[in-house]
Amino acid sequence: MNRPAGPQPQAVVVGCSAGGLQALHALLGGLSGPLPVPMVVVCHSGSEDMRLFCELLAGRSGQTVVEAEERQQPRPGTVYVAPSGYHLLLERDGRFALSVDPRVSFSRPSIDVLFESAAGVWREHLLAVLLTGANSDGAEGCLRVRGQGGTVIVQDPHTAQVPVMPAAALELAGADHCLPLPGIPKLLETLCS
């Protein structure tokens, strides 16, 4: 499932659901420092207080983690987290947009919505990472990312706290890389260097 490195990434998008907070701690904490590109995260956390969620992630990882805001331009070295109750999209100009459109795969924010809009902006320069989760959100988004020439990394479902989400993505879209969570930070650093 591994392919040679493609074009230089300009952004990383990450999706997770059940078990996501723990997975994000491992992902961000496993990085040796900030990535040279922005990272944008959708986590079905169930938390209404995303500022606290961001503080928890930042405190344990040493990364800069903030809640994404309308019309904000994502910057390298920062992790942006989708606000609770809003879809997070990328506009054609690369800025964030928030939407209260209907739920997708029972979720708002939706991983599919983020991945699909990001694929339209960054195309082959996008890295998408799908981690643990309990529904199929993210599978269609991974398919779109790969269709635009981007790179998809899926957590090995056998090592996920909840395997439904990564398994659904592998079944629908396949992956360029499928590996246990501890190997994903090093892979991101290699692909982004």
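Residues numbered from 1 in each chain as written. Predicted model: local features only at pLDDT ≥ 70, side-chain atom pairs only at ≥ 80, totals over all residues. Heavy atoms only, no water.

Chemist: Describe in detail the packing of aromatic side chains, supporting the description with residues and values.
Modeler: If you walk through the whole model with that rule in mind, you get one aromatic pair. When the ring of Y80 is compared with that of F96, the centres are 5.2 Å apart and the planes differ by 65°; the resulting orientation is edge-to-face. In this pair, Y80 sits in strand β4 (residues 78-81) while F96 sits in strand β6 (residues 96-99), placing the two residues 16 residues apart along the sequence. There is no split in this pair, since Y80 and F96 are both buried. (Phe/Tyr/Trp six-rings, centres within 6.5 Å; stacked < 30°, edge-to-face > 60°. Helix = DSSP H or I, 4+ residues; strand = E, 2+ residues; numbered from the N terminus. Buried < 20%, exposed > 50% of the residue type's maximum accessible area, 1.4 Å probe, protein only.)

Chemist: So what's going on with the packing of helix α4 (residues 139-147) against helix α5 (residues 164-173)? Which residues, and what values?
Modeler: The interhelical angle for the contact between α4 and α5, taken along N-to-C directions, is 40°, at an axis separation of 8 Å. Viewed along their axes, α4 and α5 adopt a mutual orientation that is oblique. Seen along the crossing, α4 lies across α5 with a hand that is right-handed. Along the contact surface, α4 presents A139, E140, C142, L143 and R146, while α5 presents A168, A169, L172 and A173. Its residues assigned to classes, the contact of α4 with α5 comprises seven nonpolar, no polar and two charged. (Axes fitted to C-alpha atoms, helices over the stretch in contact; angles between N-to-C directions. Parallel < 35°, antiparallel > 145°, perpendicular 65-115°, else oblique. Left-handed = near helix turned anticlockwise from the far one by under 90°. Contact = heavy atoms within 4.5 Å. Nonpolar A, V, L, I, M, F, W, Y, C, P; charged D, E, K, R; others polar.)

Chemist: Which residues make up the nonpolar core, and what values go with them?
Modeler: Among the nonpolar cores identified, the biggest contains 31 residues, and V12, V14, L24, M39, L131, I184 and L188 are the most heavily contacted of them. Of all the secondary structure elements, the ones that give two or more residues to this core are β1 (11-16), α1 (20-29), β2 (39-43), α2 (50-61), β4, β7 (126-130) and α6 (184-192). Those residues in contact with V12, other than ones at most four positions away along the chain, are L35, V37, P38, M39, V40, L127, V129, L188 and C192. (Core = buried A, V, L, I, M, F, W, Y, C linked by side-chain atoms within 4.5 Å.)

Chemist: Tell me about the sheet that holds strand β9 (residues 177-179), and please be specific about residues and values.
Modeler: If you trace the seven strands from one edge of the open sheet to the other, you get β3-β4-β2-β1-β7-β8-β9, paired in parallel fashion. Looking at which strands have only one partner, the edges of the open sheet turn out to be β3 (64-67) and β9. The mean inter-strand angle of the sheet, taken between neighbouring strand axes irrespective of direction, is 20°. Two elements, β3 and β4, share four bridges in a ladder whose sense is parallel. Bridging across to β4, V65 finds its partner in V79. Across the sheet, helix α3 (residues 111-122) lies against β1, β2 and β7, angled at about 165° from β1, the strand it touches most. Strands β1, β7, β8 (151-155) and β9 of the sheet are contacted by α5, whose axis makes an angle of about 140° with β8. (Pairing = 2+ DSSP bridges.)

Chemist: Requested: an account of the packing of α1 against α2, with residues and values cited.
Modeler: Close contact between α1 and α2 brings their axes to 9 Å; oriented N to C, the two are set at 40°. Of the possible angle classes, the one that applies to α1 and α2 is oblique. Remark: the crossing between α1 and α2 carries right-handed chirality. Contacts between α1 and α2 pair L21, L24, H25, L28 and G29 from the former with F53, L56, L57, R60 and S61 from the latter. Taken together, the residues of the contact of α1 with α2 break down into six nonpolar, three polar and one charged.

Chemist: Account for the pairing of β2, naming residues and giving values.
Modeler: Regular strands have side chains that alternate between both faces of the sheet. Within β2, five of the five residues are buried, which leaves it mostly tucked inside the rest of the structure. By the alternation rule, side chains of β2 split into M39, V41 and C43 and V40 and V42, which are all buried. As paired strands, β1 and β2 are joined by five bridges and run parallel to one another. Across the sheet, C16 pairs through a bridge with C43, a residue of β2. In the classification by handedness, the crossover that spans β1, the intervening α1 and the parallel β2 is right-handed. (Right-handed = clockwise from strand over helix to strand, strands pointing away.)

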